[in-house]
Amino acid sequence: MVLSTLLATTGLFANSAPVIIGAMILAPPMAPIVSLSMGVIRAEKSLMKDSVRTLIYGIATALTFSALFTFFIPLQQITPEMQGRLNPNLLDLMVAIFSGIAGAYANAKEEIAKSLAGVAIAVALVPPLSVTGIGIGLGNVDVIYGSFLLFITNLVGITLSAAMTFVVLGYAPIKRAQKGIIYTSVMMFIIAIPLLISFIHMVEKNDYYKKIEAFRYMELSNTKIELNILHIQTQDDSVLIDLEVLSTDAITNKDLQVIKNLIEDKIEKNVVLKVTSKIIFK
């Protein structure tokens, strides 16, 4: 777990997907999660206790070493690989559910390579936990909250889906598994509330992208203009749009106001534009 965490943290700072994948393959959280799922459906307190204790040790170890690594390394930039793990939504919960089913099925069938399921589990757990450690090292509350929410989402989603898979495979009667599954389902429902809100915002942003793309190319004051959306952030009463404007000549404040009005009319929201202007010479 220490080596996996250090490798993942290094990959996150280097913004290197191959390094992060290497950390995922090395990660060992599969066994305690499967044990916890089995303990949930069979109502075996000792098995659940041992599994939770092992997970807590692993989590504490990962957070400690990623935080220490971050504290001593002279880098503070939040890379795209980190940023991608700060806004979990319902899609991430689906990843956790599918990973849990794969993990449980692979452990139940000896003929299936368990390492493949371990990789699937690690994909969902190690990187966000490392990002949480990075947030602790940087003292960044937003990074800690977003990444740890993703980690908890994946942990609960994997545990529940693995437990239900074991029930389907006949490892415990439904009546015996009912209590544990209900408790886990309630936890997942609570966690799903902020994920649903984030997913709704994601759908809104996608809708804004589509509407603005309708007039990506235009001509103002005999100047050809192309609009590239770099980022959209929804706020309480407005939408912040990071916009790159490519033009054949210098654009004026009047042109920018026209663009702003067009976007506001299209998306029916107040808009705050952050504009980067680039002139194209041919």
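Refer to the structure above for everything that follows.
Residues numbered from 1 in each chain as written. Predicted model: local features only at pLDDT ≥ 70, side-chain atom pairs only at ≥ 80, totals over all residues. Heavy atoms only, no water.

Visitor: Help me understand the side chain of Thr-70, please; the structure alone is not making it clear to me.
Guide: With respect to the helices and strands, Thr-70 occurs in helix 4 (residues 45-72). Engagement of the side chain of Thr-70 in a polar contact is seen with the backbone oxygen of Ser-66, the distance being 2.7 Å. Among all residues touching Thr-70, those that are not within four sequence positions of it are Thr-9, Phe-13, Gly-133, Ile-134, Gly-137 and Leu-138. (Helix = DSSP H or I, 4+ residues; strand = E, 2+ residues; numbered from the N terminus. Polar contact = N/O pair within 3.5 Å; in protein donor to acceptor, adjacent residues only side chain to side chain. Contact = heavy atoms within 4.5 Å.)

Visitor: What am I meant to see in the packing of aromatic side chains here?
Guide: Any aromatic ring pair is given by two values, namely how distant the centres are and how the planes are angled relative to each other. One pass over the structure, following the stated rule, counts four aromatic pairs. Consider the rings of Phe-13 and Phe-69, whose centres lie 6.5 Å apart with planes at 35°: the pair is tilted. Separated by 56 residues along the polypeptide, Phe-13 in helix 1 (residues 2-14) and Phe-69 in helix 4 bring together distant segments of the chain. Judged by relative accessible area, which is 25%, Phe-69 ranks as partly exposed. (Phe/Tyr/Trp six-rings, centres within 6.5 Å; stacked < 30°, edge-to-face > 60°. Buried < 20%, exposed > 50% of the residue type's maximum accessible area, 1.4 Å probe, protein only.)

Visitor: Whenever I open this one, the environment of Leu-7 confuses me. Can you help?
Guide: By secondary structure assignment, the location of Leu-7 is in helix 1. Residues in contact with Leu-7, not counting those within four places in the same chain, are Val-19, Gly-22 and Ala-23.

Visitor: What's the story with helix 10 (residues 253-267) in this structure? I'm lost.
Guide: Because each turn of an α-helix spans 3.6 residues, side chains separated by three or four positions end up pointing in the same direction. In this model helix 10 runs 21 Å from its N-terminal to its C-terminal C-alpha over 15 residues, within 8% of the 21 Å that 1.5 Å per residue would give. Regarding helix 10, the residues found buried are Asp-255, Ile-259, Ile-263, Glu-264 and Ile-267. If you follow the buried residues of helix 10, they end up packed against helix 9 (174-213), strand 1 (217-220), strand 2 (223-234), strand 3 (239-247) and strand 4 (271-279). Once helix 10 ends, the next one or two residues include Glu-268, with phi positive near 60°. (Expected span 1.5 Å × (residues − 1).)

Visitor: It is not clear to me how the pattern of salt bridges should be interpreted in this structure. Could you clarify?
Guide: A side chain of one charge can pair with a side chain of the opposite charge when the charged atoms of the two come close. Following the criterion strictly, the structure yields eight salt bridges and no others. Where Glu-44 meets Arg-42, a salt bridge forms, and the shortest distance between an N and an O atom there is 3.0 Å. For Glu-44, a relative accessible area of 27% translates into the label partly exposed. Look at Arg-42 and you get partly exposed, because its relative accessible area is 25%. As a salt-bridge pair, Lys-260 and Glu-264 come within 2.7 Å of each other at their nearest N and O atoms. Placement of both Lys-260 and Glu-264 in helix 10 is noted, with a separation of four residues, approximately one turn of the helix. By relative accessible area, which is 24% here, Lys-260 ends up partly exposed. (Salt bridge = Lys/Arg side-chain N within 4 Å of Asp/Glu carboxyl O.)

Visitor: Explanation requested: the packing of helix 1 against helix 4 in the structure shown.
Guide: Helix-helix packing is described using two parameters, namely the angle between the two axes and the distance between the axes. Their axes nearest at 9 Å, the elements helix 1 and helix 4 cross at an angle of 40°. Relative to helix 4, the element helix 1 lies oblique. Along this stretch, helix 1 crosses helix 4, giving a crossing that reads as right-handed. Here helix 1 contributes Val-2, Thr-5, Leu-6, Thr-9, Thr-10 and Phe-13 to the contact with helix 4, which in turn contributes Thr-61, Ala-62, Phe-65, Ser-66, Phe-69 and Thr-70. Counted by class, the contact of helix 1 with helix 4 contains six nonpolar, six polar and no charged residues. (Axes fitted to C-alpha atoms, helices over the stretch in contact; angles between N-to-C directions. Parallel < 35°, antiparallel > 145°, perpendicular 65-115°, else oblique. Left-handed = near helix turned anticlockwise from the far one by under 90°. Nonpolar A, V, L, I, M, F, W, Y, C, P; charged D, E, K, R; others polar.)

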